[in-house]
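Below are the chains, spelled out letter by letter.
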Amino acid sequence: PGQSPQPHQRRLAVGIDLGTTNSLVAAVRSGASAPLADEQGRVILPSAVRYHADRVEVGRAAKAAAATDPLNTVLSIKRLMGRGYADIADNQTSYELVDAPGQVQIRTPHGGDKSPVEISAEILASLRQRAEDSFDDEIFGAVITVPAYFDDAQRQATKDAAQLAGINVLRLINEHPAAAIAYGLDNAAEGVYAIDDLGGSTFDISILRLTQDVFEVMATGGDSALGGDDYDRALIA
């Protein structure tokens with residue numbers, strides 16, 4: 001209430017998928033949602049951040065350096081969002097983890113100690129810049145998807161990262177209902193639907209009931225340590 005723009009005002013809002021492995025930003029154009037591309041026409045942004053002595057690198061170039069500069073390159077930071085050191089101390093990472101009050105920190109030789117919120121903010125800031133370049137205008141806010149299993153601390157960490165990136169969070173929406181809408185299930189027959197999400201860090205499922213164009217989440221389950229990263233580690237072992 002009171003936040004709706006005036007009829008004559010035009011405000012830009014985007015949707016952001018902040019993923020463990022990849023991220024992207026999308027907007028509604030001509031009544032249809034479409035992902036926004038970078039200068040090379042690529043819509044997928046690898047969720048990788050590399051710290052240099054004088055700058056921060058985000059995306060493909062950062063991911064490519066993971067093998068040659070592992071201590072300064074952070075991948076899969078979403079797994080550490082809103083988590084304490086004791087929660088993930090046994091997690092295998094290529095970078096050094098530091099026990100800090102509130103949540104774990106990542107120690108990089110070039111960037112110093114960084115929180116998952118700060119690192120995620122670099123990814124979100126890159127997506128915000130892409131959106132503003134696409135429209136040649138500032139964005140008013142963003143809807144950001146989060147996993148169904150995210151607890152309050154993880155959701156708050158996502159909001160904090162967005163705020164640090166200069167993004168006004170309009171709403172956090174669970175990834176399963178977002179996927180249902182993206183695939184047009186909101187226009188499908190009423191009934192019960194199962195939606196699986198296999199990502200870089202998780203494999204989970206939600207049972208949704210569609211009634212009169214409204215989704216109700218009936219149940220959610222899954223494993224937050226059964227994603228692509230875990231497959232990789234199992235294969236290596």
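Residues numbered from 1 in each chain as written. Predicted model: local features only at pLDDT ≥ 70, side-chain atom pairs only at ≥ 80, totals over all residues. Heavy atoms only, no water.

A. Representation of the overall build of the chain. If you tally the helices and strands in the chain, you get six helices and 15 strands. Relative to the compact-globule value of 18 Å for 237 residues, the chain shows a C-alpha radius of gyration of 18 Å, a close match. Structurally, the chain occupies a C-alpha span of about 50 × 40 × 35 Å along its principal axes. When the 237 residues of the chain are sorted by exposure, 39% land in the buried category. Look at the contacts in the chain between residues 6 or more apart in sequence, and 53% of them connect residues 24 or more apart. Working note: accessible area of the chain is about 12700 Å², and carbon and sulfur atoms make up 49% of it. Taking the average place of the 20 positive charges on the side chains of the chain and the average place of its 33 negative ones, the gap between the two points comes to 3 Å. (Helix = DSSP H or I, 4+ residues; strand = E, 2+ residues; numbered from the N terminus. Rg over C-alpha atoms; globule rule 2.2 N^0.38 Å. Buried < 20%, exposed > 50% of the residue type's maximum accessible area, 1.4 Å probe, protein only. Contact = heavy atoms within 4.5 Å. Areas by Shrake-Rupley, 256 points an atom, 1.4 Å probe, with all protein chains shown as cover. Lys, Arg positive; Asp, Glu negative; His and termini not counted. Charge placed at Lys NZ, Arg CZ, Asp CG, Glu CD.)

B. Structural context of the pairing of strand β9 (residues 105–108). Relative to β9, strand β8 (residues 96–98) runs antiparallel, the two sharing three bridges. Across the sheet, the residue bridging to Glu96 is Arg107, located in β9. Between β8 and β9, which pair antiparallel and follow one another directly, the connecting turn spans six residues, one of which, Gly102, has a positive phi of 90°. Here β9 pairs with strand β10 (residues 112–114) via three bridges, running antiparallel. Following the sheet pairing, Thr108 is matched in β10 by Gly112. Between the antiparallel neighbours β9 and β10 lie three residues. (Pairing = 2+ DSSP bridges.)

C. The arrangement of the layout of surface pockets in detail. Volume-wise, the largest pocket comes out at about 1200 Å³. Lining the largest pocket are 36 residues, with Asp17, Thr145, Ala178, Ala179 and Ala182 sitting closest to its centre. Taken together, the elements giving at least two residues each to the lining of the largest pocket come down to β1 (13–18), β2 (22–29), β3 (32–35), β11 (141–146), α5 (175–182) and β13 (191–198). Among the residues making up the lining of the largest pocket, the classes are represented as 18 nonpolar, 13 polar and five charged. (1 Å grid on protein atoms, 1.4 Å probe; cavity = no way out; pocket = protein on both sides within 12 Å on 5 of 7 lines; lining within 4 Å. Points joined across faces, edges and corners; volume = space filled by probe spheres on them. Nonpolar A, V, L, I, M, F, W, Y, C, P; charged D, E, K, R; others polar.)

D. Expanded view of empty space enclosed by the protein. For the structure on display, the rule yields one cavity of 30 Å³ or more. The volume enclosed by the largest cavity comes to roughly 50 Å³. Looking at the largest cavity, the residues that line it are Leu18, Lys78, Met81, Ile144, Thr145, Val146, Pro147, Phe150 and Thr158. Of all the elements, β11 adds the most residues to the lining of the largest cavity, at three residues.

E. Inspection of the confidence of the model for the chain at higher detail. Averaged over all residues, the pLDDT of the chain is 87; the fraction at 70 or higher stands at 94%. Within the chain, strand β4 (residues 45–46) carries the highest mean pLDDT (96), whereas helix α2 (residues 85–88) carries the lowest (71). (pLDDT = per-residue confidence, 0-100.)

F. Representation of the sheet that holds strand β6 (residues 56–58). Read across the open sheet, the three strands follow the order β6-β5-β7; overall the sheet is antiparallel. Of all the strands in the sheet, just β6 and β7 (73–75) have a single pairing partner and so form its edges. Along the sheet, successive strands turn relative to each other by an average axial angle of 20°, direction set aside. Note that strand β5 (residues 48–51) and β7 share three bridges and pair antiparallel. Bridged to Ala48 within β7 is Leu75. (Axes fitted to C-alpha atoms, helices over the stretch in contact; angles between N-to-C directions.)

G. Fine view of a negative patch on the surface. On the surface, Glu39, Asp133, Asp136, Asp137 and Glu138 cluster together into a negatively charged patch. Structurally, Asp137 is set in the loop between α3 (116–135) and β11. (Patch = residues over 30% accessible without salt bridge, like charges linked within 9 Å, V, L, I, M, F, W, Y side chains within 5 Å. Salt bridge = Lys/Arg side-chain N within 4 Å of Asp/Glu carboxyl O.)

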